[in-house]
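# Commentary on secondary and tertiary structure
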Amino acid sequence: RRRRRPMRGKTEADEVGVLLRLLRDPAAPPRPRGEALGRLADACVEEAARRQVARLGAIPLLVSILETATTPIVLNRAARALGNLALDSENVDVIHATGAPSHLVRLLSTATDPACLHSVCRTCRLLCRSPSQRASLCSLSLPGALCRLLSARTEPPLLVTALRSTAALLHACPASLAPALSSLGLVGALGALASHPSLRVRHAALHCFLPLCSHPSLRPALGAVGAVALLAHALRARPPPPASPAYLRALCLLCREAVNRAKVREAGGLEILVGALREGGREGERERLLLITLSEGTSPSMAAKTR
């Protein structure tokens, strides 16, 4: 579909005003309303337009549309417009303050249109900028809504979007959240997706493993769903993926649990760790890898390679 041109020139404020008046009209038919939302969402790709749209009070209006609309195309474009506005950090605070997250989480659980779900997932990801914002989204049961989406028969493009939102939500997640994540079945869903036929889905799922590996209570469960073998397989890829350093750190964290150290040997991960030792150049990583390698009870020939 050809994209509409963003609003430009001296009439930009007038165009925004016309669109907002149409959206505020309760008698406006769904089709013109949807077209106005699409035009507004496209305009918000540009920074100057985002400032103009926010200044004219579009954020509370878009949240109200999310709350009351039932047409998939209207909900999709309202969520997309909010997501584009959330590209600016100052708008993120306003979006949170207007109560938009609760409506977005509800849509994740009730909407069936893939385009709408994609826009909602993307907007949720963009609203995960600070620890307090992530905590607020978690309190609204966003992890559960994402987990249900990840466990359903979802097409790969939407899966990737949902996984990116999950990774953003889990970034530096507090230890207090770990028990809830375990009970939701999120670890199992991520383990299944890390073996998905789509390479993009697999990499997106592995990115979700990274923040979870920092929690001791989740490491055995991660090992049980195959995280050790999956990370080792990704690290053996040639050329190595851009996220290889992060995958290596995650593998090191998993190895802090004895049950996972045994899995490293089974997955051929010991050679990967020794190879990383020989490469060097990672600040603080060499000592950690050496301790892990030695704790595996390596043979003298293997230990010699680490020097």
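Worth saying up front: this structure is predicted, and the values here are computed from it rather than measured. (Residues numbered from 1 in each chain as written. Predicted model: local features only at pLDDT ≥ 70, side-chain atom pairs only at ≥ 80, totals over all residues. Heavy atoms only, no water.)

Take helix H13 (residues 186-193) next. With six of its eight residues buried, H13 lies for the most part within the structure. Inspection of H13 places Leu186, Val187, Ala189, Leu190, Gly191 and Leu193 among the buried residues, and these make up the whole buried set. Contacts made by the buried residues of H13 are with helix H10 (142-151), helix H11 (156-170), helix H12 (178-184), helix H14 (199-212), helix H15 (219-224) and helix H16 (227-235). (Buried < 20%, exposed > 50% of the residue type's maximum accessible area, 1.4 Å probe, protein only. Helix = DSSP H or I, 4+ residues; strand = E, 2+ residues; numbered from the N terminus. Contact = heavy atoms within 4.5 Å.)

It is worth spelling out the nonpolar core at this point. Among the nonpolar cores identified, the biggest contains 99 residues, and Leu108, Leu150, Leu163 and Leu222 are the most heavily contacted of them. Excluding anything up to four places from it in sequence, Leu108 contacts Leu117, Val120, Cys121, Cys124, Leu142, Ala145, Leu146 and Leu149. (Core = buried A, V, L, I, M, F, W, Y, C linked by side-chain atoms within 4.5 Å.)

Our next topic: the environment of Leu184. As for its position among the elements, Leu184 is in helix H12. Note on Leu184: relative accessible area 37%, which makes it partly exposed. Between the alpha carbons of Leu184 and Arg148 there is a distance of 8.9 Å; along the sequence they are 36 residues apart. Excluding anything up to four places from it in sequence, Leu184 contacts Pro143, Gly144 and Cys147.

So, on to the pattern of salt bridges. Across all of its chains, the model carries six salt bridges by this definition. Two residues, Arg31 and Glu35, come together in a salt bridge whose shortest N-O distance is 3.5 Å. Of this pair, Arg31 and Glu35 are both found in helix H2 (residues 30-43), four residues apart, which corresponds to roughly one turn of the helix. (Salt bridge = Lys/Arg side-chain N within 4 Å of Asp/Glu carboxyl O.)

Turning to the packing of helix H8 (residues 114-126) against H11, a few remarks are in order. The angle between the axes and the distance between the axes are what describe a pair of packed helices. As a packed pair, H8 and H11 sit with axes 8 Å apart at the nearest point and diverge in direction by 20°. With respect to their mutual orientation, H8 and H11 come out roughly parallel. For the pair H8 and H11, the crossing hand works out as left-handed. Between H8, through Pro114, Leu117, His118, Cys121, Arg122 and Arg125, and H11, the contact on the second element is made entirely by Leu158, Thr161, Ala162, Arg164, Ser165 and Ala168. (Axes fitted to C-alpha atoms, helices over the stretch in contact; angles between N-to-C directions. Parallel < 35°, antiparallel > 145°, perpendicular 65-115°, else oblique. Left-handed = near helix turned anticlockwise from the far one by under 90°.)

For the rest of this paragraph, the subject is the environment of His207. Its location among the elements puts His207 in helix H14. In this view, His207 contacts Ala167, Ala243 and Tyr247; residues no more than four positions away in its chain are not counted.

Turning our eyes to something else, we now look at unusual backbone geometry. In this structure, the amide linkage connecting Arg238 to the following residue, Pro239, adopts the cis form with an omega of 0°. Following the sequence through the fold, Pro239 ends up in the loop between H16 and helix H17 (244-254). Despite not being glycine, Ser141 shows a phi value in the positive range, around 70°. Considering the arrangement of structural elements, one finds Ser141 in the loop between helix H9 (131-139) and H10. Given the relative accessible area of 45%, Ser141 is considered partly exposed. At Ala172, a position not held by glycine, the phi torsion is positive, near 55°. When its relative accessible area of 60% is taken as the criterion, Ala172 is described as exposed.

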